[in-house]
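Chains, contacts and geometry: an overview
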Amino acid sequence: MNCQGIITKGIGGFYYIQANEGIYECKARGIFRKNNISPLAGDYCEIQVLPDFKGNIEKIMPRKNFFVRPPIANIDCMFIVFSVATPSPVPELVDKLSVIALKQNTTPYIIINKTDLSSEDSVDYSDVYIKAGFKVFCVSAITSEGVDELIDFMQGKISVFTGCSGVGKSSILNCILPDRELKTGNVSEKIGRGKHTTREVELIPVNGGYIGDSPGFSSLEISGITAIELQQYFPEFEKYIGSCRFRGCSHVNEPDCSIKNAVASGLIAKSRYDSYTLLYNQLKEIKEWDK
Ligand code: GDP
Ligand code: ZN
């Protein structure tokens, strides 16, 4: 007999697959190894059912997206968290992560956390991102404000959290999953910690969906995008592209640029445009380097 399910974690060659009937402990068929495919948390699979809730993974369904580091597939929502208190917001990091999400065919959402400490700043930042076309959640992990709305939104989806150390990702997860104490730390302790923590991802059930628990999402880098393609990943640029004086305008140094005009008249947020030029110049350098 075969059945279908989703991999919630993989440990030491075993994959734990949630199906309607329960959780199956499965091995992957040799064929996957031969074809260099590793099953990932988030993969939808067909399994051959063996006695005692054991099984073999027969087939991995096509993926909507996947990350290698951290290893996870089929992410629906990438929540990019930043704090309006300490650590202070780093718009270029938020904007870089949103580019990575869009490039990976997953939707970025913004969480503004620590609103209990600075409500005015949270309004300003939320304007920036709403104007840019993102859905924004204002949250406080201390008072739990906004957390129910977040849980409602996660219904039936695979979500992950990303953002700088100290912004409150673990604290928000603890609010969402009170039965599962994750370690939170004070900000200064956390910043000193190694950036590239490698750990298996575990999908934790929440509201008919899952949260992918991995600290590795904070250190993602942009890949597979050239400097000139970057503009496609700033959704609010779209309606201006094509109206610049020069065809193929990079919106950085050219005169009569519709994007720069939109920034000057406040239609595009300055911080978003600054992130764009910063990332544009970084991507350009990488390209020069590769030549
Ligand atoms: P992470 O590194 O993103 O997982 O951040 P943590 O969840 O460990 O939080 C870092 C620090 O910020 C901890 O001392 C938390 O208690 C504090 N913190 C997290 N969320 C909030 C919040 O909404 N309001 C306030 N005042 N403090 C928070
Ligand atoms: Zn332009």
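Just so we're clear, the structure is a prediction, and the values are computed from it rather than from any experiment.

**Topic: the pairing of strand 3 (residues 22-28)**
- Summarising the sheet, strand 2 (residues 14-19) and strand 3 pair through five bridges and their orientation is antiparallel. Its bridge partner being in strand 3, Tyr16 is matched across the sheet by Glu25.
- Once strand 2 ends, the chain turns through two residues before running back antiparallel as strand 3.
- Of the strand pairs in this sheet, strand 3 and strand 5 (residues 54-60) are connected by four bridges, and their pairing is parallel. Within the sheet, the bridge partner assigned to Ala28 lies in strand 5 and is Ile57.

**Observations concerning the packing of aromatic side chains**
- The tally for this structure, following the rule as stated, stands at 15 aromatic pairs.
- Aromatic side chains Tyr129 and Phe134 sit 6.0 Å apart centroid to centroid with 65° between the ring planes, which places their arrangement in the edge-to-face category.
- Both rings, one in Phe237 and one in Tyr276, keep their centres 5.1 Å apart while their planes meet at 70°; by these two values the pair is edge-to-face. Of this pair, Phe237 sits in the loop between strand 13 (209-213) and helix 7 (258-264) while Tyr276 sits in helix 8 (residues 270-290), and the two are 39 residues apart along the sequence. Accessibility classification places Phe237 together with Tyr276 in one group, the buried group.
- Through a chain of ring-to-ring contacts, three or more aromatic side chains come together here, namely Phe79, Tyr109, Phe137, Phe153 and Phe161.

**Observations regarding the pairing of strand 11 (residues 158-162)**
- Within strand 11, five of the five residues are buried, which leaves the element mostly enclosed by the surrounding structure.
- Examined bridge by bridge, strand 8 (residues 77-83) and strand 11 share four bridges and lie parallel to one another. If you follow Cys77 over to strand 11, its bridge partner there is Ser159.
- Inspection of the sheet shows strand 11 paired to strand 13 by three bridges, in the parallel sense. Looking at the pairing, Val160 lines up with Gly212 of strand 13.

The rules we used
- In every chain, residue numbers begin from 1 and rise along the written sequence.
- Think of it this way: whatever chain is written first is A, whatever ligand is written first is 1, and the rest follow in order.
- In keeping with the model being predicted, local features are shown solely for residues with a pLDDT of at least 70 and side-chain atom pairs are shown and tallied solely at 80 or more, while totals for entire chains, interfaces and linings include all residues.
- Hydrogens are left out, water is left out, and the side-chain values use all remaining heavy atoms of the structure.
- The pairing criterion for strands is at least two bridges between them, as found by DSSP.
- Runs of E in the DSSP output that reach at least two residues are strands. Runs of H or I that reach at least four are helices, and both are numbered from the N terminus.
- Any pair of Phe, Tyr and Trp rings, taking the six-membered ring for Trp, is counted once the centres come within 6.5 Å. Such a pair is stacked with planes under 30 degrees apart, edge-to-face with planes over 60 apart, and tilted for the rest.
- Throughout, exposure labels follow a simple rule: accessible area from a 1.4 Å probe, protein chains only, divided by the maximum for the residue type, with under 20% read as buried, over 50% as exposed, and the rest as partly exposed.

Geometric values such as these leave the question of function open.
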